[in-house]
Amino acid sequence: MPATSIKRSLGVDLTTKIHESRVLLVGAGGIGCELLKNLVLTGFGEIHIIDLDTIDLSNLNRQFLFRHEHIKKSKALVCNLTSLFLPSPGTFAMQAVAKEIAQKFRPNAKLEAYHANITDSRFNVAWFSKFDIVFNALDNLAARRHVNHMCLAANVPLIESGTTGFNGQVQVIEKGKTECYDCNPKPTVTTYPVCTIRTTPSQPIHCIIWGKSYLLPELFGKGEDDNGTIDTSETAENAEEIGELRREAKELEDIRESMDTEEFEGKVFEKVFKHDIERLRGAEGMWEERKPPEPLDYDKLNEESASIDSTISKVDQREWTLAEAFVVFRDALNRLRSRLKELKASASPTDPTPTIEFDKDDEDTLDFVTATGILRGTIFGIDSNSKFKTKEMAGNIIPAIATTNAMTAGLCVLQSFKVLQDDLRNAKMVFLERSGARVINSDSLNPPRPDCAVCSVISAQVAVDLASATLEDIVEGVLKLKLGYGEEFSILKGQGVIYDPDLEDNLSKKLQDLGLGNQSFLTVVDEDDQDQDPRVNLELIVVQREETAEGAKPAQLMPEELEIPRKPKHGLAGTDETQLTNGNVSNGKRKRDSEDDQLKNGPVAKKVAAESNGNGEVIDLDDEGAILIDD
Ligand SMILES: Nc1ncnc2c1ncn2[C@@H]1O[C@H](COP(=O)(O)OP(=O)(O)OP(=O)(O)O)[C@@H](O)[C@H]1O
Ligand SMILES: [Zn+2]
């Protein structure tokens, strides 16, 4: 839309605010590319974009700012203006867009790109507070949580978004005014009982998980199940079997020691596809109702596969034969072995031991998992899958839909208008779905949950010299003396406890030696409920203090006077429900089941189903108009 049309649609005030605002876009993937285009086209003055990843072939179908020649280049850096304004010849639509952007907006748009992880300590609270709005276009919980936390600490509005297939969601988050990302619990990942994966698989996914979460980490990672997919909790029934499995894993550890020898590959094969299977086959009472597993024969397969070339691994649409899988297994094992050797050779002694983890876009690990899936499937008489299908299953891939991303990105920008106008009463939680009567549905924003451990906290800063101040200076000088804490409280750094009444070892340690840097967070959890309710959590941001000629000064609290409220006894009591709602909060709309709520790009807190709401709300474009998109 030309700049004049935007001004006419949005009004001079909002257009000016947009031009003057500085925004941060976290993630330059499916939603991120769309969002960047929207932000530039809408005329946002300064856009910072960050992404840790490089471009993969599989990104090109929807991440339209990237071309084939960009593969392996930084997403964030390719997202700079050059790629926006110089589309490859022949792509008419892109040329039109680029020309439009170049002519109308380029003089005003300032873009800054970072090829980095948003959790990096240099992106601290002070850095976040430079932005007027942060947009999340991420694909994982940890990064989302981190940005949520930083935006709350820096008091910067966050527009959180995510998609899974045809479903999408946009959530506006403002400290103290709306629910934060963590106000609602997030669904956990699917886990499989260890015995199903290791002993009695019955479905193709069990064989894939075995390769991905057991064998690969045992050989090249940090040990069994780096990612917590296999539930190894011990019960009376499985105790004996778990003991046996531990012994088997230990044997594998010994074989791992011989990784640099020629025998490695044969030893691994014989152990996991023959000896372990023979042991299992001999287990009493196990195979009365099931077909017993059939061990594989290395020499026989070696003979049968003599004429097969390892390039068979490139065939990804059909399932490999057993002999083909055997060839790919050996080849992938050797590729991974050489890679790990190189990683180890180039690592410095202080680096953590190098490992290789499964990544659906990493051919070596994908080949390994596909081949092991077929070998193990054959042993247990379970159907196997092509490499393409294995990638989908092992990578938990729900196909990304470009139009869902595009619509979600558009909705993010519409919500940002409400934020810029300070009009949270009309901002919405927005949902995209295909199954209901309407594609787009919305819900009013809720106030923060008073019991949320992330946003219902009180924040303060403490200025200290990190090199000389100790934890005791904070505990005694600040928390007990200044803030009146009793004996019963603990201090957390991230998820780890560094102080509680029974953990006093750290008191004499310098803050710096406890891993605290400028702008690190500490959370103080009051556990003293003797006389009255405990205080809400206190989030202390530790700030490096400039030293004066007189030397080290005591820790200084900012603000100096701080009243820490008590935790509310009952759920929502005491919240100002009218703060955000437009009188329409509980109009009988059905909330979505939590299992439906897990979007790949962001678990959903709740969702309104349009069919239950005949006069259902639609997305407000402005105070007068509305759009309604029928399925
Ligand atoms: N901690 C982080 N810091 C910076 N960028 C991140 C971080 N975590 C994830 N990202 C980026 O967020 C983007 C999310 O985009 P998207 O969901 O489309 O994933 P993708 O990896 O591009 O695609 P797919 O997973 O479907 O192959 C990715 O480009 C990813 O690199
Ligand atoms: Zn919260």
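Residues numbered from 1 in each chain as written. Chains lettered and ligands numbered in written order. Predicted model: local features only at pLDDT ≥ 70, side-chain atom pairs only at ≥ 80, totals over all residues.

Looking at an unreviewed UniProt entry, one finds the protein chain named Ubiquitin-activating enzyme E1-like, with Penicillium chermesinum as its source organism. For the record of the protein chain, the UniProt heading Pathway (unreviewed entry) holds the text "Protein modification; protein sumoylation." The UniProt entry for the protein chain carries the following comment under Subunit (unreviewed entry): "Heterodimer." (UniProt positions renumbered as here; feature names shortened; annotations may be inferred.)

Visitor: How should I be thinking about the overall build of the protein chain in this particular structure?
Guide: Summing up its helical and strand segments, the protein chain has 18 helices and 20 strands in all. Looking at the protein chain as a whole, 38% of its 631 residues are labelled buried. When contacts within the protein chain are restricted to residue pairs at least 6 apart in sequence, those whose partners lie at least 24 apart make up 69%. (Helix = DSSP H or I, 4+ residues; strand = E, 2+ residues; numbered from the N terminus. Buried ≥ 20, exposed ≤ 12 C-beta atoms within 10 Å, placed from the backbone. Contact = placed C-beta atoms within 7 Å.)

Visitor: Would you mind going over unusual backbone geometry with me for this structure?
Guide: For residues that are not glycine, phi is negative in most cases, and the peptide bond is trans in most cases. Cis rather than trans, the peptide bond between Met558 and Pro559 has omega equal to 0 degrees. Here Pro559 is to be found in the loop between strand 16 (556-558) and strand 17 (598-599). Backbone geometry places Asn155, a non-glycine residue, at a positive phi of 55 degrees. Tracing the sequence through the fold places Asn155 in the loop between helix 8 (141-154) and strand 5 (158-164). Its identity as a non-glycine residue notwithstanding, Gln519 has a phi of 70 degrees, on the positive side. Relative to the helices and strands, Gln519 resides in the loop between strand 13 (496-499) and strand 14 (520-526).

Visitor: Explanation requested: the sheet that holds strand 12 (residues 489-493) in the structure shown.
Guide: Spatially, the six strands line up as an open sheet ordered 13-12-14-15-11-16, and their pairing is mixed. This sheet does not close on itself; its edge strands, each paired only once, are strand 13 and strand 16. The mean inter-strand angle of the sheet, taken between neighbouring strand axes irrespective of direction, is 35 degrees. Where strand 12 meets strand 14, four bridges bridge the pair, whose relative direction is antiparallel. In the strand pairing of strand 14, Ser490 is matched with Val525. (Pairing = 2+ DSSP bridges. Axes fitted to C-alpha atoms, helices over the stretch in contact; angles between N-to-C directions.)

Visitor: What should I look at first to understand the site of ligand 1 in this one?
Guide: Taken together, 21 residues sit near ligand 1, with Gly27, Gly29, Gly30, Asp53 and Asp139 positioned nearest. Elements represented by at least two residues in the shell around ligand 1 include exactly helix 3 (30-42) and strand 2 (46-51). The residue inventory of the shell around ligand 1, partitioned by class, reads seven nonpolar, ten polar and four charged. (Near = placed C-beta within 6 Å. Nonpolar A, V, L, I, M, F, W, Y, C, P; charged D, E, K, R; others polar.)

Visitor: In this structure, what is going on with the sheet that holds strand 4 (residues 133-136)? I would like to understand it.
Guide: Hydrogen bonds between backbone atoms are what pair the strands of a sheet, whose relative direction is either parallel or antiparallel. Ordered by their spatial adjacency, eight strands build an open sheet running 3-2-1-4-5-6-9-10, and the pairing between neighbours is mixed. Two strands bound the open sheet, and with one partner strand each, they are strand 3 (110-115) and strand 10 (440-444). In this sheet, adjacent strand axes meet at a mean angle of 15 degrees when their direction is disregarded. Relative to strand 10, strand 9 (residues 428-432) is paired through five bridges, and the arrangement is antiparallel. Bridge pairing links Met429 to Asp443 in strand 10. Sheet strands in contact with helix 17 (residues 402-420) are strand 4, strand 5, strand 6 (167-173) and strand 9, and its direction is about 20 degrees off that of strand 6.

Visitor: What should I look at first to understand helix 15 (residues 363-380) in this one?
Guide: The end-to-end C-alpha distance of helix 15, which contains 18 residues, comes to 26 Å, matching closely the 26 Å that a straight helix rising 1.5 Å per residue would cover. Across the 18 residues that make up helix 15, a large majority, 17, are buried. Two residues or fewer after helix 15 comes Gly381, characterised by a positive phi angle close to 65 degrees. (Expected span 1.5 Å × (residues − 1).)

Visitor: Would you mind showing me how to read the packing of helix 10 (residues 204-220) against helix 16 (residues 387-394) here?
Guide: Between two packed helices, what matters for the description is the angle formed by their axes and the separation of those axes. Their axes nearest at 10 Å, the elements helix 10 and helix 16 cross at an angle of 75 degrees. When the axis of helix 10 is compared with that of helix 16, the two are roughly perpendicular. Two secondary-structure elements touch here, helix 10 through Ile205, Ile208 and Lys212 and helix 16 through Thr390, Met393 and Ala394. Looking at the contact of helix 10 with helix 16 residue by residue, the class counts come to four nonpolar, one polar and one charged. (Parallel < 35°, antiparallel > 145°, perpendicular 65-115°, else oblique.)

Visitor: It is not clear to me how helix 3 should be interpreted in this structure. Could you clarify?
Guide: Residues that lie three or four places apart on an α-helix share one face, since the helix turns once every 3.6 residues. Over its 13 residues, helix 3 extends 19 Å from the first C-alpha to the last, a length consistent with the 18 Å expected when each residue adds 1.5 Å. Burial runs high along helix 3: twelve of the 13 residues are buried. Among the residues of helix 3, Gly30, Ile31, Gly32, Cys33, Glu34, Leu35, Leu36, Lys37, Leu39, Val40, Leu41 and Thr42 are the ones counted as buried. Gly43, located one to two residues past helix 3, shows a positive phi value of around 100 degrees.

Visitor: Looking at this structure, I do not really get the environment of Glu265. What am I missing?
Guide: Turning to its location among the elements, Glu265 is positioned in helix 12 (residues 264-281). It is 7.5 Å that separates the C-alpha atoms of Glu265 and Asn334, two residues lying 69 residues apart in sequence. Apart from the residues within four sequence positions on either side, Glu265 is in contact with Arg330, Leu333 and Asn334.

Visitor: How should the confidence of the model for the protein chain be read in this particular structure?
Guide: Detailed reading of predicted coordinates is not advised where the pLDDT is low. Residues at a pLDDT of 70 or more form 81% of the protein chain, whose mean pLDDT is 82. Scored below 50 in pLDDT, residues 86-106 makes 19 contacts in the model with residues more than four places away or belonging to other chains. Note that residues 570-631 has pLDDT below 50 and, in this model, 111 contacts with residues that lie over four places away or in other chains. Overall fold confidence for the complex sits at a pTM of 0.69, while the interface term, ipTM, reaches 0.96. (pLDDT = per-residue confidence, 0-100.)

Visitor: Hey, could you run me through the pairing of strand 14 in this one?
Guide: Note on strand geometry: in a regular strand, side chains alternate between the two faces of the sheet. Only one face of strand 14 is buried, namely the one carrying Ser520, Leu522, Val524 and Asp526, since none of Phe521, Thr523 and Val525 on the opposite face is buried. Sheet topology places strand 14 next to strand 15 (residues 538-544); five bridges connect them, and they run antiparallel. The residue of strand 15 that forms the bridge with Phe521 is Ile541.

Visitor: What is the right way to read the nonpolar core from this model?
Guide: Ranked by size, the top nonpolar core spans 93 residues in total, and within it Leu25, Leu36, Val134 and Phe135 carry the most contacts. Looking at this core, the element that brings in the most residues is helix 17, giving nine residues. Split by domain, the residues of this core number at least three in each of domain 1 (3-186 + 400-444) and domain 3 (458-558). When sequence neighbours within four positions are dropped, the list of residues in contact with Leu36 reads Leu25, Ala28, Ile47, Ile49, Leu65 and Cys79. Judged by nonpolar contacts, the second largest core, of 39 residues, contains Leu219, Leu245, Phe326 and Val328. (Core = buried A, V, L, I, M, F, W, Y, C linked by C-beta atoms within 7 Å. Domains from an automatic or database assignment.)

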